[in-house]
Each structure stands twice: as structure tokens, then as C-alpha cells.
2 protein chains.
Amino acid sequence: MDDEKESLVDQALLLLEQKDYSGLRAFLGELMPADINEFFEELPEEKLIVLYRLLPKELAAEVFVEMDPDRQEYLIRAFSDAELKATLDELYYDDTADIIEEMPASVVKRILNTASPDMRKAVNELLKYPEDSAGSIMTTEFVRLKKNYTVQDSFDLIRHVGIDKETIYTCYVTDDKNHLIGFVTVKDLLLAPLQRLIEDIMTENVIAVNTLDDQEQIAMMFSKYDFIALPVVDNEERLVGIITVDDAIDVLQEETEEDFAKMAAITPNDTEYLKTPVTRIWFSRVPWLLLLMISATFTGIIISKFESALAALPILTAFIPMLMDTGGNSGSQASVTVIRGISLGQVEFSDTFRVLWKEIRVAVLCGITLGIAAFGKVMLVDHLMMGKDEVSWTVALVVSMTLFLTIFCAKMIGCSLPLLAKKIGFDPAVMASPFITTIVDAVSLVVYFVISRQLLGLT
Amino acid sequence: MDDEKESLVDQALLLLEQKDYSGLRAFLGELMPADINEFFEELPEEKLIVLYRLLPKELAAEVFVEMDPDRQEYLIRAFSDAELKATLDELYYDDTADIIEEMPASVVKRILNTASPDMRKAVNELLKYPEDSAGSIMTTEFVRLKKNYTVQDSFDLIRHVGIDKETIYTCYVTDDKNHLIGFVTVKDLLLAPLQRLIEDIMTENVIAVNTLDDQEQIAMMFSKYDFIALPVVDNEERLVGIITVDDAIDVLQEETEEDFAKMAAITPNDTEYLKTPVTRIWFSRVPWLLLLMISATFTGIIISKFESALAALPILTAFIPMLMDTGGNSGSQASVTVIRGISLGQVEFSDTFRVLWKEIRVAVLCGITLGIAAFGKVMLVDHLMMGKDEVSWTVALVVSMTLFLTIFCAKMIGCSLPLLAKKIGFDPAVMASPFITTIVDAVSLVVYFVISRQLLGLT
């Protein structure tokens with residue numbers, strides 16, 4: 001699929017070089033907006049306006065929505081008022097609101113002045129809602145029916161207004177106070193006799209969300225209930241908009257990428273990696289590295305406390321990395337599992353004890369397996385093969401016991417911290433590998449030294 | 001939202017205790033299939049069949065699709081042939097195929113014997129496609145139009161066959177050889193005059209996928225192009241099925257969870273965490289822990305090679321955890337970023353040099369920042385505050401130089417390994433934190449000891 005895309009871009013670039021604009025227009029007309037945008041991204045900004053003017057009005061607007069804010073701003077500044085108006089007229093209200101949020105004040109002013117009064121009103125409404133709320137991703141364009149309409153009336157209405165509506169496949173039924181009382185799908189309408197009343201075919205049991213509900217929870221509802229649209233009501237249960245499945249998918253992906261970033265100790269950032277300036281990447285990574293480095297000081301302190309022990313039996317140092325890494329890995333296995341469970345709404349704080357009990361048993365199993373493996377490995381590799389006499393079977397025992405206890409503590413910490421974070425209103429995703437590792441390092445070292453003191457009689 | 005759900009389940013359980021079956025039927029009738037299933041999951045299996053029989057036929061089938069395989073199998077065994085037939089008749093072909101894939105042979109046999117000839121044929125077709133292919137997630141039920149149909153004909157056809165079709169909002173136009181030549185949306189049909197010919201309103205530039213295309217790439221197309229359905233063609237370009245947006249969302253989520261698992265060194269497993277048996281969790285985690293533990297042997301070997309140096313200046317040991325962790329974190333920041341870029345199709349092997357060049361600059365910035373911070377921290381905390389005289393400014397210099405080089409190597413390894421893995425056909429997701437950490441540990445130790453030997457004149 002990618003190669004195909006590549007070659008498309010090349011063909012278009014060729015036509016451009018040949019200044020074959022009519023050919024280019026025909027060619028672009030065949031592409032999807034997202035692909036045209038990818039092609040545009042290969043171009044220097046100054047070429048942009050020329051090509052943009054080649055596109056048919058509706059397609060042009062669809063491409064415009066796909067562009068990154070910098071290029072949108074560049075185009076808006078390059079537009080004549082007429083061109084700006086033409087573009088805005090083709091945009092959906094929610095897309096316009098999204099674009100405005102990214103623009104500097106001067107551009108916003110120009111957009112709002114050029115927009116139709118309806119759009120201006122709708123956009124101002126949409127801009128009121130907090131980021132990540134249902135209101136911020138909904139559209140105010142949808143088909144509104146009354147229960148005393150016939151199927152025929154409804155089709156006439158859809159034909160009349162439908163062309164401007166983002167989705168017409170689910171029509172919502174409201175009473176005279178604009179309260180949501182049901183919905184009918186176009187499928188229902190098509191399969192019903194034309195004279196049937198909406199109230200006879202509508203589904204009254206309609207799931208709606210509030211304008212202030214969290215967008216991630218709503219996106220999850222789409223995947224759970226297989227909706228293609230979901231109505232949004234205000235605090236008085238009045239229907240104010242709908243959220244469409246394509247926006248829900250975008251939210252799901254956005255939130256997932258944020259989690260991946262946080263779990264790798266990176267501040268999330270919504271621009272594509274290759275398009276993000278080096279300094280911004282640096283800035284999104286370095287604070288976490290600093291924080292984690294400083295917190296690693298404790299492990300250092302612990303080690304220096306046991307300097308004498310290490311001096312007495314230097315070989316003990318050789319096992320430190322293995323013990324710390326295994327602890328870190330065991331911990332993050334548990335934490336990542338629980339973090340995802342929380343994000344997917346499968347694990348809640350009330351499940352803490354079920355989770356702990358599960359992880360205790362898993363930890364014991366993993367601990368035993370690795371403990372035995374480690375004992376064997378130390379005796380076989382270090383003692384026999386490498387012939388290190390100082391690696392006695394007691395040392396091997398110390399290592400494998402430490403490993404067992406480290407894994408146990410790691411799993412406990414790993415599974416409980418995300419739940420705790422969630423409880424106190426922190427983002428569980430931050431409690432992933434890096435933090436768990438730092439904590440588990442300290443724990444494993446203490447365990448290691450305490451056990452070696454006991455079994456090896458070191459001071 | 002969750003509390004709401006909880007209380008629903010409680011109400012239903014209450015009605016059940018009161019044996020108020022008519023009340024229960026009415027109550028369940030108001031719920032979404034997914035919610036009914038969640039309620040059923042609270043119940044012992046033997047109660048299942050009683051309640052299932054309370055549900056209206058269509059709803060019952062929708063709930064059945066939501067259930068986990070064990071309960072589906074239990075129900076099928078409990079069904080009379082008539083009940084099984086009634087349920088199957090309500091199922092979509094692709095759902096039936098999915099269910100069959102999870103059932104033991106005896107149950108499969110019974111299902112196929114009971115199913116209608118059409119369903120049997122369709123299901124057998126669907127089962128032929130490899131897992132994770134377009135064919136395995138498509139449905140063979142869709143509306144097929146001819147270009148010489150009128151809009152009126154099309155509506156009649158939709159009314160006639162539509163009720164059984166999973167999605168009717170996009171209708172596909174095929175020629176007499178069944179080749180895909182275009183599509184019309186119901187929106188197009190509604191907005192066109194009834195006597196208009198399909199060939200006049202259909203969109204000829206239709207994006208289709210092949211039955212063998214990878215499901216993840218296809219799911220990405222949905223999010224990129226905002227499709228609600230996508231046609232699937234065979235190698236002869238004949239239309240064989242469609243993929244609907246709800247299945248695409250499921251694929252997106254499935255693949256995401258697999259990546260999260262792999263990146264935490266866990267073998268992916270598609271059952272909910274709290275429902276997964278302890279032994280299976282253990283089995284999905286322990287092999288990776290073992291592998292990583294064994295590979296950590298090298299770091300051990302490196303340390304013992306430098307035993308004398310550590311013995312001469314024991315304080316050096318205290319900085320090992322901090323150096324290793326910072327290296328690991330820097331490395332996974334780079335690897336996770338690149339891994340996600342690859343999954344999202346934003347980074348390809350051909351970008352390797354752009355990626356390296358970006359990471360080189362980020363690494364230098366991070367390295368300098370942390371190097372300076374570390375120098376200050378060591379001099380301030382360890383030297384002054386803790387008054388360790390052995391921590392000279394040379395030691396501090398050794399630590400900060402090691403940190404700089406470690407971060408640099410870590411970022412290089414972290415960003416290049418996933419691309420390399422992709423190139424040689426490995427899953428890049430496996431090249432995440434755990435593996436990067438193990439490799440970076442070894443690197444950081446070598447750097448550490450070489451530098452200390454040079455600057456501190458240790459042998």
C-alpha cells in the first residue's frame with residue numbers, strides 16, 4: 001500500500017514539474033483528501049496555493065481539513081476573502097472550530113468575520129467546551145426529527161438539509177423542548193412504509209453522553225457498542241450535538257499514543273516524530289530523564305552503605321545488573337498489564353485485592369522458575385565453566401533467593417502503584433517501566449545485601 | 001458511566017432473585033447487548049440458559065455474539081436444535097465464522113449442520129482466509145448494485161434484502177463479471193432523483209483491499225480516510241466482501257494491546273487480565289524474563305573483568321545503577337518513539353538516516369543536560385553534603401562523561417534496532433525497553449570502566 005502511495009506522489013510531482021495543470025487537476029481529483037495532503041506535504045509552501053486552487057471546491061476543503069496547522073495558516077493568509085469564504089462554506093462546524101483553536105488571534109478574527117452567521121454562532125458554541133470533553137469533539141450538524149413526522153416527511157427533510165450534515169445515517173427525535181426522546185436509523189426509515197409515523201419506528205432507549213463527559217470514555221463506548229454516531233446532551237438533557245465514529249477513532253488513537261509516550265517517560269506531543277523539531281523532542285524527554293536520574297541517587301546510597309560487603313566479596317557486584325534488570329522487567333510486566341486494564345475499563349480500584357492475589361501467585365511462579373534457573377546458571381556458568389571458586393553454592397543460593405524476593409516485590413509494586421495513582425487522581429500510565437524500575441532497583445539491592453549478610457556472614 | 005452500569009447489573013440481579021421473569025424480560029429489553037453480556041458474566045453458567053431464553057430473538061443473538069467463547073459453547077450445548085437454528089438465523093456470517101473458530105470440532109459440526117445452506121457456504125468461505133487477513137474480518141453480506149439500476153430500483157433492492165445486511169450505508173456497484181466498478185452511499189441515493197441511473201451518481205474511484213491484506217494496515221486506512229465500510233476484492237479484482245468500521249475499531253484495539261504487551265516483554269493474550277488464569281499469565285511472562293536474565297550474564301562478565309578497578313575505588317560501584325537506568329530510559333524513549341512511528345506508518349526503513357540524524361542531535365542535547373546535572377549532583381550531594389572525599393572532581397567528571405556517552409549510544413541503539421527488526425521481518429515492538437536496557441547496560445558499563453581507567457589511572 002505504501003509503495004502505491006509513494007508512486008502516486010511521484011506521478012503528481014512529475015505533472016507539476018511539467019506544469020501540466022489540467023492533467024494535475026484531473027489526477028488530484030482521483031485521489032483521497034488524505035493522500036492529496038501527503039502529496040502537498042512534499043511541496044514547498046509557496047507552491048501550495050497554486051495547487052490548492054486547482055482542486056474542486058469541496059475536495060479542496062476536505063484536503064484543507066487534513067493539513068497541519070502551519071500550512072492551514074499559510075493558506076488562510078494567502079487566500080482572498082472570497083477564497084476563504086468559499087473554503088469555510090464547505091467545512092463542517094466542528095472542523096472549523098478545531099482549526100480555529102490552532103490559529104493565532106489575527107487569523108481567528110479573519111475567519112470569524114468571513115464565516116456565515118450560522119457558522120460563527122455554532123463555532124463559538126463549540127469553542128466553549130473544555131479540551132477532551134464530548135463538546136469539544138461533537139458536531140452540531142445532524143438531522144433532527146419530530147415524533148409526529150411520517151417516514152416520507154423524514155426523507156424529505158433529509159433530502160432538504162441532509163447534504164450539509166456530517167452524518168445522516170442516524171436521525172435523532174426530539175420533543176418540543178428539544179429533549180432527546182429517541183432515534184431512527186436511515187435503515188429503519190428505508191425498511192418502513194412511507195406513511196408510518198416516526199414515533200412508531202423510533203428506538204426510545206437511546207444512549208447519550210453529556211457535553212462534559214471525557215472523550216476517551218466516549219471513544220471506548222463506540223468500540224463497545226459499535227455505534228456510528230452518539231448523541232450529546234447538555235445538563236438539561238437537551239440534544240446539542242452528535243459525535244461521529246471517525247472522530248471517536250481519532251480520539252482512541254490519540255489517547256493510545258499518549259499512553260505509549262507516558263509509559264516510556266516521554267511527555268506526549270501530537271505532532272509526527274519526523275516532523276517534530278529536535279528541541280521539542282529534547283524538551284519532551286529530558287525532564288523525565290533528570291527526574292529518574294536524581295531518584296536513582298538512593299540506589300547509589302544503598303550500595304555505598306554496603307561497600308564493605310562488596311569489598312569483602314567483589315563477585316557480588318557482578319550479579320547486581322542481572323538482579324536489577326530482572327526486577328525491573330518483572331515489575332513493568334505487572335504495571336503495564338494493570339495500566340492497560342485500567343485504560344480499557346476492565347480493572348478498577350475496587351479490584352485491587354483481586355489484582356494483588358493474582359500477581360502474588362504469578363510472582364511466586366515466576367520467582368521459583370527464575371530462582372531455580374539462576375541457581376543453575378550461576379553454578380554451571382560462573383562456578384564450573386568460568387571456574388570462579390569464590391562463587392560458592394551459597395553465593396548461588398543468595399542470588400536465587402534475592403531473585404525470588406525481588407520478583408515478588410517488583411510484581412507487588414508494579415500492580416499496586418498504577419491503581420494507587422488512579423485512586424489519587426494521577427495518570428496510571430506514568431507508573432510504568434521507568435518509575436517501577438527505579439523503585440525496584442532500590443528494593444532489590446537492599447534484599448540482596450541483607451540476604452548476603454545473613455548467608456555469607458559479611459558485615 | 002461505570003457506576004451507572006454497576007447499578008444496572010444490581011437491579012437485574014435483584015429481579016432475578018425475586019424470580020420476576022417478566023420484569024426481567026422488560027428490563028433486559030431496554031439494555032444494550034454489551035451491557036446484558038456484562039450482567040450475564042456476573043451469573044453462574046447454569047442460570048445462563050434460563051435468562052437467555054427470556055430475551056427477544058434478535059437481541060438474544062446480539063448478546064450471544066458479545067459472550068466469551070466458553071459461555072457460547074456452554075449455551076450451544078444447552079440449546080435445542082430449534083434454539084440453535086433460531087440463534088444462527090439471527091447472526092451475521094462473519095460473526096458465525098468468528099464463533100466457529102473458537103469452538104471444539106463437535107460443536108462446529110453441530111453448528112454447520114444446523115445452519116442454513118447459504119450460511120454454511122459463506123462461513124466455509126470465510127474460514128478459508130488466514131488469521132489477521134482482510135478476508136478473516138470481512139462480511140459477505142452487503143448490498144450489490146448494477147450500474148443500470150435506477151435510484152428507485154436500488155431503494156427497492158435495499159428494502160428487499162437490506163434487513164439482513166450488516167451495513168447498507170455504502171452500496172457497491174459491480175459489472176456482470178462481478179468486478180467492483182464503483183460505490184454509492186445511501187446519502188447519494190437519498191439526495192438523487194428516483195429515476196437517476198446508478199452509473200450517473202456512483203463514485204468510480206473506489207479504494208478496495210485484497211482478501212489477503214493485513215488487517216492492521218486496513219484498520220489504519222479507516223482512521224486515515226474516515227471510511228465506515230471498505231470493499232474487499234480477490235486476486236481477480238472480484239468483490240467478495242466488505243469490512244465495516246466496527247470491526248476495524250476492534251482490530252485497532254487488539255493490535256494496540258498486543259504492542260503494549262510485547263513492549264513490556266509479555267506474550268500477547270487476548271483475554272481480559274482479571275479473567276486470565278494465573279498459569280497462563282505466568283506462561284506469557286516467564287520466557288521473556290528468563291531470556292533477559294540470561295542475556296544479562298554479559299553485564300556480569302564485564303563487571304567481573306573490572307573487579308580490580310572497583311576494588312581499588314569501591315565508590316565507583318555506587319554510580320552503576322544510575323548510569324544503567326539512565327541509559328535504559330534514554331534508549332527506550334528512542335525505541336518506543338520509533339516503534340510507534342513504524343506502527344502508524346509514519347516511519348519506514350528508508351527513513352533510517354533521518355531518524356539517526358534526529359536522534360544524534362537529541363542525544364547530544366540530552367547528554368549535555370544530564371552530564372552537567374550529574375556532575376553538579378555528584379559534587380554537591382556526594383562530595384560536599386555526604387562529605388565522601390574519595391568522590392573527587394575527577395570521579396564526578398568520569399560519571400558525567402560516561403553518562404553523556406551512554407545516553408548517546410542508548411539513543412542510537414534505541415532508534416536503529418526497531419528499524420532493523422522491521423527490515424529483517426521481526427516485530428519492532430519486541431525491540432522495546434527490556435531488550436534495549438539489557439544491551440545498553442553492557443555498553444554503559446564498558447564505557448564507564450574504560451573512562452575511569454583513563455582518567456583515574458585504575459588497572
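Criteria and cut-off values
- Residues numbered from 1 in each chain as written.
- Chains lettered and ligands numbered in written order.
- Predicted model: local features only at pLDDT ≥ 70, side-chain atom pairs only at ≥ 80, totals over all residues.
- Heavy atoms only, no water.
- Domains from an automatic or database assignment.
- Contact = heavy atoms within 4.5 Å.
- Buried area = accessible area lost by both parts, 1.4 Å probe.
- Salt bridge = Lys/Arg side-chain N within 4 Å of Asp/Glu carboxyl O.
- Polar contact = N/O pair within 3.5 Å; in protein donor to acceptor, adjacent residues only side chain to side chain.
- Pairing = 2+ DSSP bridges.
- Helix = DSSP H or I, 4+ residues; strand = E, 2+ residues; numbered from the N terminus.
- Axes fitted to C-alpha atoms, helices over the stretch in contact; angles between N-to-C directions.
- Left-handed = near helix turned anticlockwise from the far one by under 90°.
- Nonpolar A, V, L, I, M, F, W, Y, C, P; charged D, E, K, R; others polar.

1. Regarding the domain arrangement of chain A
Quite often, the size of an interface is put as the accessible area lost when its parts meet. All names here are of chain A. When the domains of chain A are assigned, the result is domain 1 (2–132), domain 2 (144–245) and domain 3 (296–456). Between the C-alpha centres of domain 1 and domain 2 the distance comes to 30 Å. At the junction of the two partners, domain 1 supplies 5 residues and domain 2 supplies 9 residues. Buried surface at the junction of domain 1 and domain 2, summed over both partners, amounts to about 540 Å²; 50% is from carbon and sulfur atoms. Ranking the residues of domain 1 by area buried against domain 2 places Tyr 92, Tyr 129 and Asp 132 at the top, with a combined share of 83%. Across the domain 1-domain 2 interface, the total number found is 0 salt bridges. On inspection of domain 1 and its partner domain 2, the count reaches 1 residue pair in polar contact (both at pLDDT 80 or more).

2. Comments concerning the sheet that holds strand β2 (residues 170–174) of chain A
Residues and elements named next belong to chain A. Across the sheet, which stays open at both edges, the 3 strands sit in the order β1-β2-β3 with mixed pairing between neighbours. Where the open sheet ends on each side, the last strands, each with one partner, are β1 (144–145) and β3 (180–185). Bridging between β2 and β3 involves 5 bridges; their strand directions are antiparallel. If you follow Thr 170 over to β3, its bridge partner there is Thr 185.

3. Some details on the packing of helix α8 (residues 93–102) of chain B against helix α10 (residues 117–127) of chain B
Residues and elements named next belong to chain B. At a minimum axis distance of 9 Å, the contact between α8 and α10 shows a crossing angle of 65°. Remark: the crossing between α8 and α10 carries right-handed chirality. Two secondary-structure elements touch here, α8 through Tyr 93, Asp 94, Thr 96, Ala 97, Ile 100 and Glu 101 and α10 through Asp 118, Met 119, Ala 122, Val 123, Leu 126 and Leu 127. When grouped by side-chain class, the residues that make up the contact of α8 with α10 number 8 nonpolar, 1 polar and 3 charged.

4. Looking at the sheet that holds strand β6 (residues 239–244) of chain B
Residues and elements named next belong to chain B. The strand order β4-β5-β6 describes an open sheet built from 3 strands, whose pairing is mixed. Bordering the open sheet on either side are β4 (209–210) and β6, each of which pairs with just one other strand. Here β4 pairs with strand β5 (residues 229–233) via 2 bridges, running parallel. Of the residues in β5, the one forming a bridge with Val 209 is Val 232. The strands touched by helix α15 (residues 215–225) within the sheet are β4, β5 and β6, with β5 carrying the most contacts at an inclination of about 140°.

5. Brief notes about the environment of B:Ala12
Residue and element names in this part refer to chain B. When you line up the elements, Ala 12 lands in helix α1 (residues 2–17). C-alpha separation for the pair Ala 12 and Ile 168, spaced 156 residues apart in sequence, amounts to 34 Å. Leave out the neighbours within four places in its chain, and Ala 12 touches Leu 24, Phe 27 and Phe 39.

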